[in-house]
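So the chains spell out like this:
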Amino acid sequence: MSLITRVKYNLVKSNNDDSKLLAICKVTIGDVLMLHNIKLYKGGIVVMPQDNSISKESGYKRDIFHPITKGFFKELKDEINYGYSVAVATGDDIYFPDK
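First, a word on what this report is: a plain description of the structure on this page. (Residues numbered from 1 in each chain as written. Predicted model: local features only at pLDDT ≥ 70, side-chain atom pairs only at ≥ 80, totals over all residues. Heavy atoms only, no water.)

Broken down by element type, the protein chain carries one helix and seven strands. Ordering the α and β elements of the protein chain from the N terminus gives β-β-β-β-β-β-α-β. Counting only C-alpha atoms and orienting by the principal axes, one finds that the protein chain spans roughly 45 × 40 × 20 Å. Looking at the 99 residues of the protein chain, the share that counts as buried comes to 29%. Sequence-distant contacts, at least 24 apart, represent 41% of the contacts inside the protein chain between residues at least 6 apart. Put simply, the protein chain shows about 6900 Å² of open surface, and 54% of that area lies on carbon and sulfur atoms. Across the protein chain, the mean location of the 14 positive side-chain charges is 5 Å away from that of the 12 negative side-chain charges. (Helix = DSSP H or I, 4+ residues; strand = E, 2+ residues; numbered from the N terminus. Buried < 20%, exposed > 50% of the residue type's maximum accessible area, 1.4 Å probe, protein only. Contact = heavy atoms within 4.5 Å. Areas by Shrake-Rupley, 256 points an atom, 1.4 Å probe, with all protein chains shown as cover. Lys, Arg positive; Asp, Glu negative; His and termini not counted. Charge placed at Lys NZ, Arg CZ, Asp CG, Glu CD.)

Here you go:
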């Protein structure tokens, strides 16, 4: 059973063919937690929201939140990508994974 119960998409429409951003998502986990501003890029790349400040240790921006296990990250990525294909095909901006 998936922990992800809902994915809402804000599809990005661009006149620029070089634009790689496809959608910004809100993901609901178990009907108790909503994660905002997860970005989906061409090629199925999922990027977690990041803090605007840059880490002094690494020189990179830090994720505000991220999955702890590879298994859950794969589940999250798969559901976001599949739901995006459904959203594009049907015009419905909300996807409910099978429970």
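What follows is about the sheet that holds strand β1 (residues 4–11). The five strands are arranged β4-β3-β2-β1-β7 in an open sheet whose pairing can be described as antiparallel. If you trace the sheet from one side to the other, it starts and ends with β4 (45–47) and β7 (94–95), each paired once. Bridging between strand β3 (residues 33–41) and β4 involves three bridges; their strand directions are antiparallel. Pairing of tyrosine 41 across the sheet is with isoleucine 45, part of β4. (Pairing = 2+ DSSP bridges.)

Counted by the stated rule, this structure contains two salt bridges. Of the charged contacts in the structure, one is a salt bridge between lysine 74 and aspartate 78, with a shortest N-O distance of 2.6 Å. Placement of the pair is lysine 74 and aspartate 78 together in helix α1 (residues 70–90), with a separation of four residues, close to one helical turn. Residue classification places lysine 74 among the exposed positions, given a relative accessible area of 51%. (Salt bridge = Lys/Arg side-chain N within 4 Å of Asp/Glu carboxyl O.)

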